[in-house]
Amino acid sequence: SKHRNTILMESKFDELKILEDVEDYIIDTYKQHYAGKYQATDMIIDAGHGEGFCVGNIMKYAMRCGKKDEKEKELLKIIHYAIIAIYIERNNGR
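Residues numbered from 1 in each chain as written. Predicted model: local features only at pLDDT ≥ 70, side-chain atom pairs only at ≥ 80, totals over all residues. Heavy atoms only, no water.

Colleague: Sorry, what's going on with the nonpolar core here?
Modeller: Inside soluble globular proteins, nonpolar side chains tend to come together where they are buried. Membership of the largest hydrophobic core is limited to eight residues, which are Ile45, Cys54, Tyr61, Ile78, Tyr81, Ile84, Ala85 and Ile88. Elements with a minimum of two residues in this core: α4 (50-63) and α5 (71-90). Tallying contributions element by element places α5 first for this core, with five residues. When residues no more than four places from it in sequence are discounted, the contact partners of Tyr81 are Phe53, Cys54, Asn57, Ile58 and Tyr61. (Core = buried A, V, L, I, M, F, W, Y, C linked by side-chain atoms within 4.5 Å. Buried < 20%, exposed > 50% of the residue type's maximum accessible area, 1.4 Å probe, protein only. Helix = DSSP H or I, 4+ residues; strand = E, 2+ residues; numbered from the N terminus. Contact = heavy atoms within 4.5 Å.)

This is how it looks when you write it as structure tokens:
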């Protein structure tokens, strides 16, 4: 809606640009090695442990933020796992 776009255009913390960067990061991960393959994440989610797996990875990347990879990359990983956790929540654990 027009109102939503106006608010987002005036965002104080550059959220729209950051969301674009998140989208680019996620697209990149699928281009690199996830495209069309059944991954460990898929198996974990299918076994009913997806939420814990995502939260555990969020905690892991938060604790090492800036110590292994560059800080922004670690933060993008956290956001990606949070998005997967939201997907799992919206799909009743699957």
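Colleague: Sorry, what's going on with the pattern of salt bridges here?
Modeller: Proximity of charged atoms lets side chains of opposite charge pair with each other. Tallied over the entire structure, the rule returns four salt bridges. One salt bridge connects Asp21 with Lys17, and the closest N-O pair in it is separated by 2.5 Å. With Asp21 and Lys17 both in helix α2 (residues 15-34) and four residues apart, this pair spans about one turn of that helix. Accessibility expressed as a relative area gives 21% for Asp21, which makes it partly exposed. A relative accessible area of 40% places Lys17 in the partly exposed class. Residue Asp69 is joined to Arg64 by a salt bridge in which the shortest nitrogen-to-oxygen separation is 3.9 Å. (Salt bridge = Lys/Arg side-chain N within 4 Å of Asp/Glu carboxyl O.)

Colleague: Is there a simple way to think about the packing of α4 against α5 in this case?
Modeller: Each pair of packed helices gets described by two things: the angle between the helix axes and the distance between those axes. It is at 9 Å that the axes of α4 and α5 come closest, and there the two elements cross at 165 degrees. One element, α4, and the other, α5, form an angle in the roughly antiparallel class. In this structure, the crossing between α4 and α5 has a hand that is left-handed. Counting all contacts with α4, which are made through Gly50, Glu51, Phe53, Cys54, Asn57, Ile58, Tyr61 and Ala62, the residues of α5 involved are Glu74, Lys77, Ile78, Tyr81, Ala82, Ile84, Ala85 and Ile88. Looking at the contact of α4 with α5 residue by residue, the class counts come to 11 nonpolar, two polar and three charged. (Axes fitted to C-alpha atoms, helices over the stretch in contact; angles between N-to-C directions. Parallel < 35°, antiparallel > 145°, perpendicular 65-115°, else oblique. Left-handed = near helix turned anticlockwise from the far one by under 90°. Nonpolar A, V, L, I, M, F, W, Y, C, P; charged D, E, K, R; others polar.)

Geometric descriptors of this kind do not, in isolation, establish any biological role.
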